[in-house]
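Take a look at the letters that make up each chain.
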Amino acid sequence: MSVPNVVVHRDADMLAKAVAARVITRLVDAQSAKGSASLVLTGGTVGIATLAEIAASPARDAVDWRNLDIWWGDERFLPSGDPERNETGARKALLDHVDVDEARVHVMRGPDSGMSAEESADAYAEELRRAARPEDHAPAPAFDVLLLGMGPDAHVASLFPEMPALYDTRPAVAVHGSPKPPPTRISLTMPVIQGAREVWVVAAGADKAGAVRLALADDSGPVQVPAAGARGRQRTLFLLDRASAAKIPASLGRISSP
Ligand SMILES: O=C1O[C@H](COP(=O)(O)O)[C@@H](O)[C@H](O)[C@H]1O
């Protein structure tokens, strides 16, 4: 697993713009190297703002959108089209504006599919297994970029502190009793997150400062601090605004943009 690098931007708006530019560059590089790329989306405030900035970027069509697999780190278990679904936010902000191949948009199904949360998680786990290649050495693809938002409680995806999903080794799981509404969710598990080539944790706002500090502390464990387990195989980035970076110890290296 890689050691996190921290990059701090002026504010949430600049953060979303800068992450959007990074996503575009990383996808273009991956597609140049191997023809296609994979991107895992997150919900949440900065996550969706980043997608809107990708859509607004003049460089957005440098990405070959049809040669991209799109996955989600988590989903709120709500019917298709519900405004609280991460999928709905992602479609509105980005996917409705670019020429994606629907067959490569891997949504986590909601209750309108007729599936229970467990069945939906199992179906997603199966889809991940089918997409994994032998060189991934895992029951899920080694995603090029896996984006994660983070809550003030340090949750990432729908992995909340101390909850059973944090011990699960299946690729995807149903989460019940989420402390953040809605209570039922589907989430990738920690081994799948840690199997991604690059994990980028994106956070903004003073309410996240304590969680950011804990997520970067050497002595935090992922059961109490799920974001402390958010590490990629090759690269981990914590992409922050100044407010969320305010409690990081001065001794921890970081790059600050103007
Ligand atoms: O519920 C969720 O929350 C987190 C963080 O959201 P934010 O609004 O505090 O940025 C998000 O990463 C996750 O995907 C989502 O389902």
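Residues numbered from 1 in each chain as written. Predicted model: local features only at pLDDT ≥ 70, side-chain atom pairs only at ≥ 80, totals over all residues. Heavy atoms only, no water.

## Let's talk about the overall build of the chain
Working step 1: Helix and strand counts for the chain come out as 6 helices and 10 strands.
Working step 2: Relative to its length of 258 residues, the chain is compact, with a C-alpha radius of gyration of 17 Å against a globular reference of 18 Å.
Working step 3: Viewed in the frame of its principal axes, the chain has a C-alpha envelope of about 50 × 40 × 35 Å.
Working step 4: Every one of the 258 residues in the chain was classed for burial, and the buried ones make up 56%.
Working step 5: Of all intrachain contacts in the chain linking residues separated by at least 6 positions in sequence, the fraction that spans at least 24 positions is 75%.
Working step 6: Accessible area for the chain stands at about 10,700 Å²; split by element, carbon and sulfur atoms hold 54% of it.
Working step 7: The average position of the 28 basic charges and that of the 33 acidic charges among the side chains of the chain differ by 5 Å. (Helix = DSSP H or I, 4+ residues; strand = E, 2+ residues; numbered from the N terminus. Rg over C-alpha atoms; globule rule 2.2 N^0.38 Å. Buried < 20%, exposed > 50% of the residue type's maximum accessible area, 1.4 Å probe, protein only. Contact = heavy atoms within 4.5 Å. Areas by Shrake-Rupley, 256 points an atom, 1.4 Å probe, with all protein chains shown as cover. Lys, Arg positive; Asp, Glu negative; His and termini not counted. Charge placed at Lys NZ, Arg CZ, Asp CG, Glu CD.)

## Some details on the sheet that holds strand E7 (residues 185-188)
Working step 1: Strand order in this open sheet of 3 strands is E4-E7-E6, and the pairing throughout is antiparallel. What marks the edges here is a single partner per strand, and that holds for strand E4 (74-76) and strand E6 (172-175). The average undirected angle you get between the axes of adjacent strands in this sheet is 15°.
Working step 2: As paired elements, E6 and E7 share 4 bridges and run antiparallel to each other. Bridging across to E7, Val175 finds its partner in Arg185.
Working step 3: Its contacts with the sheet put helix H4 (residues 117-131) on E6 and E7, and the angle it makes with E6 is roughly 165°. (Pairing = 2+ DSSP bridges. Axes fitted to C-alpha atoms, helices over the stretch in contact; angles between N-to-C directions.)

## Considerations on the side chain of Thr88
Working step 1: Turning to its location among the elements, Thr88 is positioned in helix H3 (residues 86-93).
Working step 2: Apart from residues lying up to four places away in sequence, Thr88 is in contact with Gly81, Asp82 and Pro83.

## Brief notes about the nonpolar core
Working step 1: In this structure, Trp72, Phe143, Leu146, Leu148, Met150, Leu188 and Ile193 are the most contacted members of the largest nonpolar core, which totals 83 residues.
Working step 2: Top contributing element to this core by residue count: helix H1 (residues 12-34), with 7 residues.
Working step 3: With residues up to four places along the chain from it excluded, the contact list for Leu146 reads Val40, Leu188, Ile193, Ala196, Glu198, Val199 and Trp200. (Core = buried A, V, L, I, M, F, W, Y, C linked by side-chain atoms within 4.5 Å.)

## Observations regarding the UniProt feature "domain: Glucosamine/galactosamine-6-phosphate isomerase" (unreviewed entry) in the chain
Working step 1: According to UniProt, the feature "domain: Glucosamine/galactosamine-6-phosphate isomerase" (unreviewed entry) maps to residues 11-236 in the numbering used here.
Working step 2: For residues 11-236, the end-to-end C-alpha separation is 21 Å, with 31% helix and 15% strand making up the annotated structure. (UniProt positions renumbered as here; feature names shortened; annotations may be inferred.)

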